[in-house]
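Letter by letter, the chains look like this.
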Amino acid sequence: MANIDQYEKLRLIGNGAFASIWKVRHRELGYIRAIKESKELVTDEHDKAYQTFLKECAVLLRLGNGGHPNIVRIYEPRLIDNRATVEMDFIQGETLNDYLARVRFMPIDEVMRFVREIVGALAYCHVDIYKYLMSPETDELEPDPNDATRYLISPEKERELVKKYGVTHNDLHSNNIMRRDVDGSFVLLDFGLSVQDGQAVKSSARNDGALEYLAPEKWEPGKYAQGIGPWTDVYSLGILLYEVLAGRVPFPLDPMAMASEQARHELYTHHMQDTPPPIEPLRKAAFEATHPGEAWTKDYPRWLENIILRCLAKDPNDRYANAREVLDNINAHAERSHDLPTALLDDKIDDLRHEKRQLEQQLDEARADVQHYSERLATLNDERERLAVALDNERRTTPSTALRATVRTMATATTLMLVATTLVAVITWLCHTFAGARFNAPVLGCWVIAAWTAATITMTTLARQRQEQILAGQRKVNWPLLTLTTALVLAGIAALFIDPKPTGIFSLLDSEPLAYATLGIIAMLAAAALLLCFMNYRRFNGHRDIAI
Ligand SMILES: Nc1ncnc2c1ncn2[C@@H]1O[C@H](COP(=O)(O)OP(=O)(O)O)[C@@H](O)[C@H]1O
Ligand SMILES: [Mg+2]
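Each value, and the rule that gives it
- Residues numbered from 1 in each chain as written.
- Chains lettered and ligands numbered in written order.
- Predicted model: local features only at pLDDT ≥ 70, side-chain atom pairs only at ≥ 80, totals over all residues.
- Helix = DSSP H or I, 4+ residues; strand = E, 2+ residues; numbered from the N terminus.
- Buried ≥ 20, exposed ≤ 12 C-beta atoms within 10 Å, placed from the backbone.
- Near = placed C-beta within 6 Å.
- Nonpolar A, V, L, I, M, F, W, Y, C, P; charged D, E, K, R; others polar.
- Domains from an automatic or database assignment.
- Pairing = 2+ DSSP bridges.
- Axes fitted to C-alpha atoms, helices over the stretch in contact; angles between N-to-C directions.
- Contact = placed C-beta atoms within 7 Å.
- Core = buried A, V, L, I, M, F, W, Y, C linked by C-beta atoms within 7 Å.
- Expected span 1.5 Å × (residues − 1).
- Parallel < 35°, antiparallel > 145°, perpendicular 65-115°, else oblique.
- pLDDT = per-residue confidence, 0-100.

### Digging into the overall build of the protein chain
Within the protein chain, the regular secondary structure consists of 16 helices and 13 strands. Here the protein chain, with 548 residues, has 29% of them falling under the buried criterion.

The structure is reproduced here in structure tokens:
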């Protein structure tokens, strides 16, 4: 590092709790760098704060061994003017946070680029870094007999090396990722909270990292058996991937409410329990807000969403163990479907297959129903046949209900006839005694038979009507017929009060032959009524539930 005086401070680019970051230019050579400078004054090189700063730098310096293009490169740390200072490559660009706030909607190709670069950088930190840090002596590596530059590493040995050298960033969020203007690539920064081999670096004054990206095991340490590890980064990575796709984090915290205890509690509940809201409507809204008048069609594959959701599992055991696993999964999918349109077509085919499976299931269910109902129908048919046979037997052995019903109708009609006869007799007697009226026998007989006929017709009609109503499930009285027969009876009764020397049509009744003729007609009417009764019986026959 050049002497600090050789640099001209151009601009303060970051101002955290622990350090300030300056954009600087070498006065003579003109190159630009970034310098991170502790805010706290450090007494000497043995100062604890300086030692932790060195640890952070050591992590980043060692990560530099592999020269990963998506991790910020730093140079030798120094103590200058009582401040811990380190020089870094200056990244000309903006933080992911600023970039997303500016563009709101990230095109899918760029999302995929972000996924590969940042997941790749993290896979390198979590796993691959061991290849650049392991030492043949201290790690007791077995040389490859065929190639002196290589070593034989068993899966157990690899696990051991990954555990020893793997770095957990522990503070992934959109302000610790920058997007380079020059080529649109993404760079991971700020390893101030990183953990290596269970040792926290913690040069940052913050303890946990940005709240919206905190994994459940950080919100509630001790809830899960695992402490902080690559799986914790995987959760924050899930939030970042969600964010680039949806345009916002799944559980946003209002910056104004940041300090409020209630807002923090809500955020805690979201991270501990809630499923992230679906990405699709958010991405659609982000597209529509930035592309007025254009229609959005789904542009990201389902496998990506599934990977993100698995990264966001509450229980660390349900997540990918590290970013290398995430990357392998992404690559496996990307290999299977070479480009996005193919992936989207694959999703559609999957959807259709799923729909087909559902339809087949429904069809099976419907078939089972058909089977069930045909069996039921067969049982019911058997039952009907059995009942028909039983009914036939019963009909043969017992007098039919229809017959009983008709007999009952006839009995009621006869009772009514008797009542009518008695009424006629009483009225005649009353007229004779009190009004001095005289009647000859045929006329009286006519009235009696007329009354009987009326009663019989009424009863038969009523009985028939009632039966029909019962069968049709409704009830209606044939009022015109009822009124007609009633009027007939009343007219007959009224005729009784006519002068003993009747005039008009009633004078005919004074002649005995005519009276007998009338009697004959009325007798025929009575016979017709009886016939009606019989037809009624025929009609009822076959219906057992007859009520009169
Ligand atoms: N190498 C760099 N080039 C350009 N900007 C940087 C660089 N390093 C950091 N920054 C800016 O400074 C901010 C804070 O830096 P960071 O390393 O994250 O420190 P802190 O611990 O304060 O968060 C970053 O969000 C970024 O905007
Ligand atoms: Mg930071």
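### Focus: the site of ligand 1
By nearness alone, 20 residues border ligand 1, and G14, G16, A34, I91 and D190 come closest of all. Elements supplying a minimum of two residues to the shell around ligand 1: strand 1 (7-15), strand 2 (19-26) and strand 5 (83-89). Split by residue class, the shell around ligand 1 holds 11 nonpolar, seven polar and two charged. Residue assignment places the shell around ligand 1 across two domains, with domain 1 (4-88) and domain 2 (94-337) each supplying three or more.

### Focus on the sheet that holds strand 6 (residues 93-95)
Taken in spatial order, the three strands make up an open sheet running 6-10-11, and their pairing is antiparallel. Edge strands, defined here as strands with exactly one partner in the open sheet, are strand 6 and strand 11 (186-188). Adjacent strand axes in the sheet meet at a mean angle of 30°, parallel and antiparallel pairs treated alike. Note: strand 6 against strand 10 (residues 177-180), three bridges, orientation antiparallel. Paired with E94 across the strands is R179, a residue of strand 10.

### Observations concerning the environment of L79
Position of L79 among the secondary structure elements: in strand 4 (residues 78-80). For the pair L79 and T43, spaced 36 residues apart in sequence, the C-alpha separation works out to 9.4 Å. Excluding anything up to four places from it in sequence, L79 contacts V42, E45, Y50 and A84.

### Regarding the pairing of strand 10
Across three bridges, the pairing between strand 10 and strand 11 is antiparallel. Paired with R179 across the strands is F186, a residue of strand 11. Between strand 10 and strand 11, which pair antiparallel and follow one another directly, the connecting turn spans five residues, one of which, G184, has a positive phi of 75°.

### A few points about the pairing of strand 1
Summarising the sheet, strand 1 and strand 2 pair through seven bridges and their orientation is antiparallel. Bridged to R11 within strand 2 is K23. The loop that links strand 1 with its antiparallel partner strand 2 comprises three residues.

### Section: the nonpolar core
If you look at the biggest cluster of nonpolar residues, it comprises 65 residues, and the most contacted ones within it are I118, V119, V187, L237, L241, C311 and V326. Top contributing element to this core by residue count: helix 7 (residues 230-246), with 11 residues. Counting only domains with at least three residues in this core, you end up with domain 1 (4-88) and domain 2 (94-337). Among residues more than four places away in sequence, those in contact with L241 are V115, I308 and C311. Counting residues in each nonpolar core, the second largest holds seven residues, with A19, I21, V24 and A34 among its members.

### Here's the deal with the environment of P107
Within the secondary structure, P107 sits in the loop between helix 2 (96-103) and helix 3 (108-128). When the 11 C-beta atoms within 10 Å are taken as the criterion, P107 is described as exposed. On a C-alpha basis, the gap between P107 and V244 in space is 9.3 Å, while along the polypeptide they are 137 residues apart.

### What to know about helix 7
For helix 7, spanning 17 residues, the distance from its first C-alpha to its last is 24 Å, which sits close to the expected 24 Å at 1.5 Å a residue. The element helix 7 is largely enclosed, with a buried count of 17 among its 17 residues. Just downstream of helix 7 lies G247, where phi reads positive at about 90°.

### Here we look at the packing of helix 7 against helix 9 (residues 279-290)
Contact geometry of helix 7 with helix 9 gives a least axis separation of 8 Å together with a crossing angle of 45°. Considering their axes alone, helix 7 and helix 9 lie oblique with respect to each other. Counted together, Y242, L245 and A246 of helix 7 and I279, L282 and R283 of helix 9 form the full contact between these two elements. Tallied by class, the residues present in the contact of helix 7 with helix 9 amount to five nonpolar, no polar and one charged.

### Notes on the confidence of the model for the protein chain
As a note on interpretation, predicted positions should not be read in detail where pLDDT is low. Here the protein chain averages 82 in pLDDT, while 69% of its residues score no lower than 70. Segment residues 502-506 is flagged for pLDDT under 50; beyond a separation of four residues in sequence, or across chains, it makes five contacts in the model.

### With respect to the sheet that holds strand 2
Spatially, five strands are ordered 1-2-3-5-4 in an open sheet, and the strand pairing comes out antiparallel. This sheet does not close on itself; its edge strands, each paired only once, are strand 1 and strand 4. On average, adjacent strands in this sheet sit at an angle of 35° to one another, irrespective of strand direction. Note: strand 3 (residues 32-38) against strand 5, five bridges, orientation antiparallel. Each bridged residue has a counterpart across the sheet, and for I35 the counterpart in strand 5 is E87. Each of strand 3, strand 4 and strand 5 touches helix 1 (residues 48-63); the most contacted strand, strand 5, lies at about 15° to it.

### Comments concerning unusual backbone geometry
A positive phi angle, near 50°, is found at D81, a position not held by glycine. Looking at where D81 falls in the secondary structure, it is placed in the loop between strand 4 and strand 5. Residue E140 is not a glycine yet carries a positive backbone phi of 45°. Counting through the fold element by element, E140 comes out in the loop between helix 4 (130-133) and strand 7 (142-144). For E140, a count of 9 C-beta atoms within 10 Å puts it in the exposed group.

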